[in-house]
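Architecture and fold: a report
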Amino acid sequence: MPTQPRNTKFIFVTGGVVSSLGKGLAAASLGTLLEKRGHKVILQKFDPYLNVDPGTMSPFQHGEVYVLDDGAETDLDLGHYERFTSGVLSKLNNLTSGQVYENVIAKERKGDYLGKTVQVIPHVTNEIKGRIYEVAKKVDADVIITEIGGTVGDIEGLPFLEALRQFAHEVGPGNALFIHVTLVPYIGAAGELKTKPTQQSIAKLREIGIQPHVVLCRSELPIERDVREKISMFCNVPSEAVIECRDVPHSIYELPLYLQEEKLDDIVCDRLSLPEAEPDLSAWKNFVERVIDPQHETRIGVVGKYIELQDAYKSIYEALTHAGAANDCRVIVERIDAEDVEKGDVEEQLDSVDGLLIPGGFGDRGIEGKVRAAEYARTHGIPYFGICLGMQVATIEFARNVAGLVGANSTEFDQGTAHPVICLLDEQKSVTQKGASMRLGSWVCDLRPGSRSFDLYKSATISERHRHRFEFNSDYRDQLEAAGLVIAGSAPDGTLVEIVELPKHPFYVAAQFHPEFLSKPNTPHPLFTGFVAAALARRLGVQKHAREAAVNS
Ligand code: GLN
């Protein structure tokens, strides 16, 4: 048995009955509470699907791909983990069945198993346990919270649950804790909350040999005493460890506060013998108040291709919320389908917004709509924030309509364009493999003194996360600069263009990287904060103008 590092405590969060119960947010919120009690917390996710990582999955399947400093392309729950705690995650913190089997098969091919028959138990389960020990050793945390993707009862989840059962046995009682997040539905015809799905899902866990210590009941109605007692009795969990978890009314950031009221952190700390302490939630509460009841509001149009998907631009929406709170302003996001802008009346669709944001994306669907939106923002003084593809679109639009480069485009959309202002670098041209083949993770960028970005970051050098294949074509740098485009950020050796700006515009900043991955509730990202401030200034200006017009009429 491997020696246990530090006196690390391990919390495993499983889900039952249905998916989409908000396990990730529950795990992240527990992380917040434990961190605010003074513990060093790291969260991680185990995903039982066979993809090696979500990098090659469609946003329709998977929502956003969240990118870490080290370039790992991970599940979007890792975004919640980083936003809800101060832990900086690495590729070790998102394990999939694909990675597990890839490693096991590589070891088998190398002969590491010394001729043994390679089996799910013990080889696959050892690989999974090995990852938890490895993380525990590397991060030196007081508490490691591991969320298991999927729903208990899924065939592909079984090796993970068996591994966790063994792991809990190895580290011994009092060092591992299982939290099961379940659904307690209200059945209108009976006028009752029903506990049977919870009972059955926990029976499934116990069949595997896991007895949860805490049951987190997602429910639309309060869990009254009789329901709590029933779950307690039939699931073998003390009634104080049956925790009610209803939808929080306004914002996901209320969840840690809600769970603290429900005493989740007390139960967890008690069961794991973690020292008594009151979490210091003052800064968090203050942030939540600013999110819920701000003085102002502003309307930001997000022009994208996956606009109908709730999760495709998750980190961007969260970063806008953080920046809104910093500006004492509610950000109302208007989701605008790029294809509608391509075909329809641009003015009609974009007139009501105070700022336009074009997020990242792949493929040419709706691309001309995004170019039109960028043009509209540039020519109408509407604050514009381009992210990744949004920066490439801004460059294309500027090249075509200001620098006079007719037909300028990215070679992603037009291989034969006369002016490939965005193109593949030579090293990307030979890449045929799709997974993990982009410019990924943190890259350092130097900012140009006097630029808006420099002023916002208040720093000459920054580091930001990337996920893209195509780049600003430096052959066009002089021409575009001569036409008025400001290269506000570039790689320290000057080769890669990272930020472009228009200086005479109220706010026109576009970045090749993804700033949304570094924004947190109380440390909003400076570019988002600047953008929302500019949008708010526009809104207040328009309102003032309308008031004056009314007085004068
Ligand atoms: N499709 C573009 C590229 O690969 C932009 C990628 C993105 O926006 N994440 O470079």
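Since this is a predicted model, take the numbers as computed values, not measurements.

1. Describing a nonpolar patch on the surface
- Nonpolar side chains collect at one region of the surface, where Leu50, Tyr101, Ile105, Val120 and Ile121 lie side by side and expose about 460 Å² of accessible area between them.
- Secondary-structure elements contributing two or more residues to the nonpolar patch are helix 4 (97-110) and helix 5 (120-139).
- Inspection of the secondary structure puts Ile121 in helix 5.

2. Considering the packing of helix 5 against helix 6 (residues 158-171)
- Where helix 5 meets helix 6, the axes come as close as 9 Å, and the angle between the chain directions of the two elements is 60°. Judged by the twist between their axes, the crossing of helix 5 over helix 6 is right-handed. Along the contact surface, helix 5 presents Val120, Ile121, Val124, Thr125, Asn126, Ile128, Lys129, Ile132 and Tyr133, while helix 6 presents Pro159, Phe160, Glu162, Ala163, Leu164, Gln166, Phe167, Glu170 and Val171.
- Considering only residue class, the contact of helix 5 with helix 6 consists of 12 nonpolar, 3 polar and 3 charged.

3. Points about helix 16 (residues 389-401)
- Between its first and last C-alpha, helix 16 extends 18 Å over 13 residues, near the 18 Å set by a 1.5 Å rise per residue.
- Helix 16 sits mainly inside the fold: 11 of its 13 residues count as buried.
- Turning to helix 16, its buried residues are Leu389, Gly390, Met391, Gln392, Val393, Ala394, Thr395, Ile396, Glu397, Phe398 and Ala399.

4. With respect to the pairing of strand 10 (residues 214-219)
- Burial within strand 10 is extensive, with 6 of its 6 residues counted as buried.
- Side chains of strand 10 alternate between two faces, with Val214, Leu216 and Arg218 and Val215, Cys217 and Ser219 buried alike.
- Relative to strand 10, strand 7 (residues 176-183) runs parallel, the two being bridged by 5 bridges. Bridged to Ile179 within strand 10 is Val214.
- Here strand 10 runs beside strand 11 (residues 242-246); their pairing, made up of 5 bridges, is parallel. Within the sheet, the bridge partner assigned to Val215 lies in strand 11 and is Val242.
- Regarding topology, helix 8 (residues 225-235) serves as the crossover connection from strand 10 to the parallel strand 11, and that connection is right-handed.

5. Re the site of the ligand
- Close to the ligand lie Gly360, Gly361, Phe362, Cys388, Leu389, Gln392, Glu412, Arg467, His468, Arg469, Phe470 and His514.
- Leu389 has a polar backbone atom sitting 3.0 Å from an oxygen atom of the ligand.
- In isolation the ligand has 300 Å² of accessible area, and contact with the protein removes 99% of it.
- Of all the secondary structure elements, the ones that give two or more residues to the shell around the ligand are helix 16 and strand 19 (461-468).
- Partitioning the shell around the ligand into residue classes produces 4 nonpolar, 5 polar and 3 charged.

6. Observations regarding the sheet that holds strand 6 (residues 143-148)
- Pairing is parallel in the open sheet, where 7 strands are placed in the order 5-2-6-1-7-10-11. This sheet does not close on itself; its edge strands, each paired only once, are strand 5 (94-96) and strand 11. With strand direction ignored, the average angle separating the axes of adjacent strands in the sheet is 20°.
- Against the sheet, helix 5 makes contact with strand 1 (9-15), strand 2 (41-47), strand 5 and strand 6, and its axis sits at roughly 160° relative to strand 2, the strand it touches most.
- Helix-sheet contacts for helix 7 (residues 196-208) involve strand 1, strand 7 and strand 10, and the interaxial angle to strand 7 is about 145°.

7. What about the nonpolar core?
- Ranked by internal contacts, the top residues of the largest apolar core, which has 90 residues, are Phe10, Ile11, Leu34, Ile145, Ile179, Leu216 and Val268.
- In terms of nonpolar packing, the next biggest core, distinct from the first, is built from 40 residues, Tyr384, Ala408, Ile422 and Ala510 among them.

8. Some words on the sheet that holds strand 16 (residues 409-410)
- Read across the open sheet, the 3 strands follow the order 16-17-20; overall the sheet is mixed. This sheet does not close on itself; its edge strands, each paired only once, are strand 16 and strand 20 (470-472).
- The pairing of strand 17 (residues 420-424) with strand 20 spans 3 bridges and is classified as antiparallel. Within strand 20, the position partnered with Cys423 by the bridge is Glu471.
- Where helix 16 meets the sheet, it contacts strand 16, strand 17 and strand 20, and its direction lies at approximately 145° from that of strand 17.

The rules behind each value
- Sequence order sets the numbering: in each chain, residues are counted from 1 along the sequence as written.
- Reporting in this predicted model follows two pLDDT cut-offs: at least 70 for local features of residues, and 80 or more for side-chain atom pairs to be given and counted; totals over whole chains, interfaces and linings ignore these cut-offs and use all residues.
- Derived side-chain values reflect all non-hydrogen atoms in the structure, with water molecules and hydrogen atoms excluded from consideration.
- Two distance rules govern patches: like charges are joined within 9 Å, and nonpolar side chains (Val, Leu, Ile, Met, Phe, Trp, Tyr) within 5 Å, applied only to residues with over 30% relative accessible area and no salt bridge.
- Method for areas: the Shrake-Rupley scheme with a 1.4 Å probe, in which residue coverage is limited to the protein chains shown.
- Think of a salt bridge as a Lys or Arg side-chain nitrogen and an Asp or Glu carboxyl oxygen that are within 4 Å of each other.
- Secondary structure elements are taken from DSSP: a helix is a run of H or I of four residues or more, a strand is a run of E of two residues or more, and numbering for both begins at the N terminus.
- Angles shown run from 0 to 180 degrees and are taken between the N-to-C directions of axes, each axis being a line fitted to C-alpha atoms and, for helices, limited to the stretch in contact.
- Helix crossings get a hand from a simple test, with the near helix turned counterclockwise from the far one by less than a right angle marking a left-handed crossing and a clockwise turn marking a right-handed one.
- Note on contacts: a residue pair is in contact if any heavy atoms of the two residues lie within 4.5 Å.
- Three classes are used, and their members are as follows: Ala, Val, Leu, Ile, Met, Phe, Trp, Tyr, Cys and Pro are nonpolar, Asp, Glu, Lys and Arg are charged, and the others, Gly among them, are polar.
- A helix is expected to reach a length of 1.5 Å times the quantity of its residues less one.
- For every residue, the accessible area (1.4 Å probe, protein chains only) is compared with the maximum for its type, and the residue is labelled buried under 20%, exposed over 50%, or partly exposed between those bounds.
- Any two strands with at least two DSSP-identified bridges between them are counted as paired.
- Think of it like this: strands point away, you trace from the first strand over the helix to the second, and a clockwise trace means the crossover is right-handed.
- Any residue with at least one heavy atom within 4 Å of a molecule or strand is counted as near it.
- Counting of polar contacts relies on pairs of N or O atoms within 3.5 Å, with two restrictions inside protein: one atom must be capable of donating a hydrogen and the other of accepting it, and residues adjacent in sequence are counted only when both atoms are side-chain atoms.
- Residues belong to a common nonpolar core when they are buried Ala, Val, Leu, Ile, Met, Phe, Trp, Tyr or Cys residues joined through side-chain atoms within 4.5 Å.

Keep in mind that these numbers describe shape and distance, not what the molecule does.
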